[in-house]
Amino acid sequence: MPNIVLFSGSSHQDLSQRVADRLGLELGKVVTKKFSNQETSVEIGESVRGEDVYIIQSGCGEINDNLMELLIMINACKIASASRVTAVIPCFPYARQDKKDKVGESRAPISAKLVANMLSVAGADHIITMDLHASQIQGFFDIPVDNLYAEPAVLQWIRENITEWRNCIIVSPDAGGAKRVTSIADRLNVEFALIHKERKKANEVDRMVLVGDVKDRVAILVDDMADTCGTICHAADKLLSAGATKVYAILTHGIFSGPAISRINNASFEAVVVTNTIPQEDKMKHCSKIQVIDISMILAEAIRRTHNGESVSYLFSHVPL
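Residues numbered from 1 in each chain as written. Predicted model: local features only at pLDDT ≥ 70, side-chain atom pairs only at ≥ 80, totals over all residues. Heavy atoms only, no water.

### A look at unusual backbone geometry
In step 1: For Asn-3, which is not glycine, the phi torsion reads 60° and is therefore positive.
In step 2: Among the structural elements, Asn-3 can be located in the segment before strand E1 (4–8).
In step 3: Phi is positive for Tyr-94, which is not a glycine, with a value near 65°.
In step 4: According to the relative accessible area criterion, Tyr-94 is partly exposed, its value standing at 29%. (Helix = DSSP H or I, 4+ residues; strand = E, 2+ residues; numbered from the N terminus. Buried < 20%, exposed > 50% of the residue type's maximum accessible area, 1.4 Å probe, protein only.)

So this is what it looks like as C-alpha cells:
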C-alpha cells in the first residue's frame, strides 16, 4: 500500500508489530523517551509529508503517560505535513467516565469527552477503536470514529473451543451489555440471559438478580471489559448456583487491576478469554485460566479499508453466521 506509514506507541508494541506484519508493512521509525523531569519526548525518524499516518497506542499500562505520548505523536506528524493522521486506540482510555451517573453529581467530570477533545486538538483526523464501553462516546468527536467489534473473533473462538456451544447460553453481567449478548446469541442461534446488578459504589457490587434460565447449560459471560473482576466472579457464582454446568468469561479488554488475578484463580471459570487489545503476557504467568484471542487481523483490515477508501462496516455486516 503506497503512501501509508504505521507507527507504534510504547503501550503495546507486540500488537502493533502483528498489525504491521498482516499489512506487509514495517513499523515507522520513532523514538520515545522521557526527560529527567518525566516530560515525554517523541522523535519521528522518517518523513511523513503527504503520507496517510496510523498511530497504534492502546489505553493501558501507564495510561496517562501513554495518552500524552499519543497526543504528542499525533501533533508531531500533523505539523510534519502528514496528509491524514489516524489514531488507532484498541482500548479507549477513560471510556468508563462517559456520563454523570447520579442526580446531584454536578461536579463529576465527563473525562471521555475531555480525551476526545484532546485527540482532536492534537490533530487527529480519524479514530479507530474497539468495543467502546459506551457507544455515545463516538458522539463526543467532531471527526470520524470507527468503533470496531471483537464479535467475529469471539464467535470463532466459541465454535472452535467449546464443544457444547450448541447447548450454551450467552449471559450479560449487566443490563448495559444486553445488545452485545443478543447479537452473539442470534448468530449462534442460542438463548441469552442477563444479570441485573446494583452497586454501592464504583467497583463494588451490592446484589445481583439473574434474568433467564441457565440450568443444565454452559454459560458464557460476555462483556466489553473486566477491571477488578468482582462483577464477573460474582456472576459466575450466581450462574453456577442457578444450575449452569460450566462458566466461561469472554471479554474484549482484560484490564485485570488490583485483586483481579487472585479472584479469577479462586473463581470457578473454565476459562477467562480476552483479546490482545491490552498486553496479557505477565497476567498469564500468574493465571492459567486466561486465554487470549488475537484481534490484529480486524485492526489490520480496518486500516487497509480506511486507507483504500473502502467500507469498514462491511467487515461486520458480512460476518458469516
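### A word on the sheet that holds strand E6 (residues 126–130)
In step 1: The five strands are arranged E1-E4-E5-E6-E7 in an open sheet whose pairing can be described as parallel. The open sheet is flanked by E1 and strand E7 (145–148), the only strands paired with a single partner. Ignoring which end each strand starts from, the neighbouring axes of this sheet average 15° apart.
In step 2: Here five bridges tie E1 to strand E4 (residues 52–56), and the two strands are oriented parallel to one another. Considered in E4, the bridge of Ser-8 is made with Ile-56.
In step 3: This element, helix H1 (residues 13–23), spans E1 and E4 of the sheet and lies at about 160° to E1. (Pairing = 2+ DSSP bridges. Axes fitted to C-alpha atoms, helices over the stretch in contact; angles between N-to-C directions. Contact = heavy atoms within 4.5 Å.)

### Brief notes about the packing of helix H2 (residues 63–79) against helix H3 (residues 111–122)
In step 1: Interhelical geometry of H2 versus H3 gives an angle of 25° and a closest axis separation of 8 Å. Here H2 lies roughly parallel to H3, going by the angle between them. Where H2 approaches H3, its residues Leu-67, Leu-70, Leu-71, Ile-74, Asn-75 and Lys-78 are matched on the opposing element by Val-115, Met-118, Leu-119 and Ala-122.
In step 2: Its residues placed into classes, the contact of H2 with H3 shows eight nonpolar, one polar and one charged. (Parallel < 35°, antiparallel > 145°, perpendicular 65-115°, else oblique. Nonpolar A, V, L, I, M, F, W, Y, C, P; charged D, E, K, R; others polar.)

### Observations regarding the pairing of strand E3 (residues 40–44)
In step 1: Of the pairings in the sheet, the one linking strand E2 (residues 30–34) to E3 comprises five bridges and is antiparallel in character. For Lys-33, the partnering residue across the bridge sits in E3 and is Ser-41.
In step 2: A loop of five residues connects E2 with E3, the two strands running antiparallel in sequence, and Gln-38 in this loop sits at a positive phi of about 75°.

### Re the packing of helix H4 (residues 151–161) against helix H5 (residues 178–188)
Pairs of packed helices are described in terms of their axes, by the angle between the two and the distance that separates them.
In step 1: Close contact between H4 and H5 brings their axes to 11 Å; oriented N to C, the two are set at 50°. When the axis of H4 is compared with that of H5, the two are oblique. Pair H4 / H5 crosses with right-handed handedness. In this structure, H4 contributes Glu-151, Val-154, Leu-155, Ile-158 and Arg-159 to the contact, and H5 contributes Ser-183, Ile-184, Arg-187 and Leu-188. (Left-handed = near helix turned anticlockwise from the far one by under 90°.)

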